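Examination of the molecular architecture
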Amino acid sequence: MVQILNPAATRGNAAAPDIAAIDTLRGKVIGFLDNCKSNFRPLADDLADILQRDFGVTTIIRRGKSNPCEPAPDAVIEELAASCDLVITGTGD
């Protein structure tokens, strides 16, 4: 017997929180959550340079996960949420 699994995540029923739009990046703190895949760091490095040089971002905070298959620890999520105006995360495939 062959079992086929659907890897798509299901959507929760909770309403998305209201989040205010950022009117400017000047003076902001931007976080990067590295998923530890090989191409994320170079992408984040280039993006951080552009954000600071061209958009006036003052601080970049970088944190990472232990491996791409696990969620980030709660402490990392809480730190980024408390410290950053915007967090960028993604895959580096």
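Conventions adopted
Residues numbered from 1 in each chain as written. Predicted model: local features only at pLDDT ≥ 70, side-chain atom pairs only at ≥ 80, totals over all residues. Heavy atoms only, no water. Salt bridge = Lys/Arg side-chain N within 4 Å of Asp/Glu carboxyl O. Buried < 20%, exposed > 50% of the residue type's maximum accessible area, 1.4 Å probe, protein only. Helix = DSSP H or I, 4+ residues; strand = E, 2+ residues; numbered from the N terminus.

**A closer look at the pattern of salt bridges**
- Throughout the structure, instances matching the rule amount to four salt bridges.
- For R41, the salt bridge identified is with D34, shortest N-O distance 3.6 Å.
- Here D34 falls in the buried class, since its relative accessible area comes to 12%.

**A look at unusual backbone geometry**
- In this model, C36 sits at a positive phi of 65°, which is unusual for a non-glycine residue.
- With respect to the element layout, C36 can be found in the loop between β1 (29-34) and α1 (40-55).
- Here C36 falls in the partly exposed class, since its relative accessible area comes to 35%.

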